[in-house]
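Summary of structural features
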Amino acid sequence: MAEIIRIDRQTWRIEDGMVRFFVLEGDEKALMIDSGMNTPDAVKYAKELSDKPLEMLNTHADRDHISGNGAFEKIYMSSNEEANYRAAGGKGEIIPIKDGDIIDLGNRPLEIIDIPGHTPGSVAILDINNRVLISGDSVQDGTIFMFGEFRDIHSYIESMKKLETYKDRFDAIFPSHGSLPVNKDLIGKLAGGAEEIAAGRVKGEERDMFGNKVMCYQFPYASFLGT
Ligand SMILES: [Zn+2]
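Description of helix α1 (residues 42–49)
Residues of α1 that are buried include every one of A42, V43, Y45, A46 and L49, and no others. Seen end-on, α1 carries its buried residues on one side only, within an arc spanning 155°. For α1, exposure combined with an orientation more than 90 degrees from the buried face picks out K44, K47 and E48. Among the structural elements, β1 (3–8), β2 (11–15), β3 (20–25), β4 (30–33) and β5 (54–57) are those in contact with the buried residues of α1.

Following this line, the structure appears as structure tokens:
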């Protein structure tokens, strides 16, 4: 059973135990951002919260973010994410979104920021008027998965540096895992940590993850799982 928590009059987070996802409402429509890991009926939750026409967007398509996607015929997603989405069994038509696109929910414009690295089509969503960044898995203080297919730590570093240039446009970050909100200073720290890993300057600890041997790189502000 997922838990719904109201953030403000037109914003909710839904915690499904493994991951969190969001419902945002504007004057004309509502948007669900991701659909959980254990919440195939995610759409029912969203419809309890808003009676506006509901659309669906994915920050990225890892399995813990798409459990309720099946209720939607069309889903906003980066076209660079399609291979990951289909590999995870994702269905429906993709409405491609890209850097700089604005989705306006009605006096609530959302700007798409491409931040590839965690996955090829990861995006962050800037809720412009509320000065909030919804960051998916890429900016969070939990564990960032950077092992296996579709991950690219060099792109991730570039994406974090790019996101830093947006820092005067938001005050808080809402991630999919870990604490909410997180401080925007975390972005620079994550860029630095990922650079340390990419350069081989930090020692990881071997872990078993779904039968794969992965390396865990623990920093004071977050950890990365890599190879
Ligand atoms: Zn995730």
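This is not the end of the story, as more comes after the structure.
Quick look at the packing of aromatic side chains
Within this structure, the stated rule accounts for five aromatic pairs. Geometrically, the ring pair formed by F219 and Y221 is stacked, given 5.4 Å between the ring centres and 15° between the ring planes. Pairwise contacts between aromatic rings join Y156, F219, Y221 and F224 into one cluster. The residue whose ring lies beneath K184 is F170, and the NZ or CZ to ring-centre distance is 5.8 Å.

A few points about the pattern of salt bridges
Taken as a whole and judged by the stated rule, the model has 14 salt bridges. Notably, a salt bridge pairs D101 with K98, separated by 3.3 Å at the nearest N-O pair. Note that K213 and D208 form a salt bridge whose closest N and O atoms lie 4.0 Å from each other. In this pair, the class of K213 matches that of D208, namely exposed. Taken together, the shared-partner salt bridges in this structure form one network comprising R13, E15 and R20.

Some details on the coordination of the zinc ion
The coordination sphere of the zinc ion contains the protein donors D64 (OD), H65 (NE2), D137 (OD), D137 (OD) and H177 (NE2), at a distance range of 2.1 to 2.7 Å. Site description for the zinc ion: donor spacing in sequence, D-H-x71-D-x39-H. On the criterion of sequence distance, the pair formed by D137 in the loop between β11 (132–136) and β12 (143–145) and H177 in the loop between β13 (172–175) and α4 (185–198) is long-range, its members being 40 residues apart. No difference in accessibility class separates D137 from H177, as the two residues are buried.

The rules we used
- Residues numbered from 1 in each chain as written.
- Predicted model: local features only at pLDDT ≥ 70, side-chain atom pairs only at ≥ 80, totals over all residues.
- Heavy atoms only, no water.
- Buried < 20%, exposed > 50% of the residue type's maximum accessible area, 1.4 Å probe, protein only.
- Helix = DSSP H or I, 4+ residues; strand = E, 2+ residues; numbered from the N terminus.
- Arc of directions from axis to C-beta.
- Contact = heavy atoms within 4.5 Å.
- Phe/Tyr/Trp six-rings, centres within 6.5 Å; stacked < 30°, edge-to-face > 60°.
- Lys NZ or Arg CZ within 6 Å of the ring centre and 35° of its normal.
- Salt bridge = Lys/Arg side-chain N within 4 Å of Asp/Glu carboxyl O.
- Donors = N, O, S within 2.8 Å, 3.2 Å for Na, K, Ca; no water.

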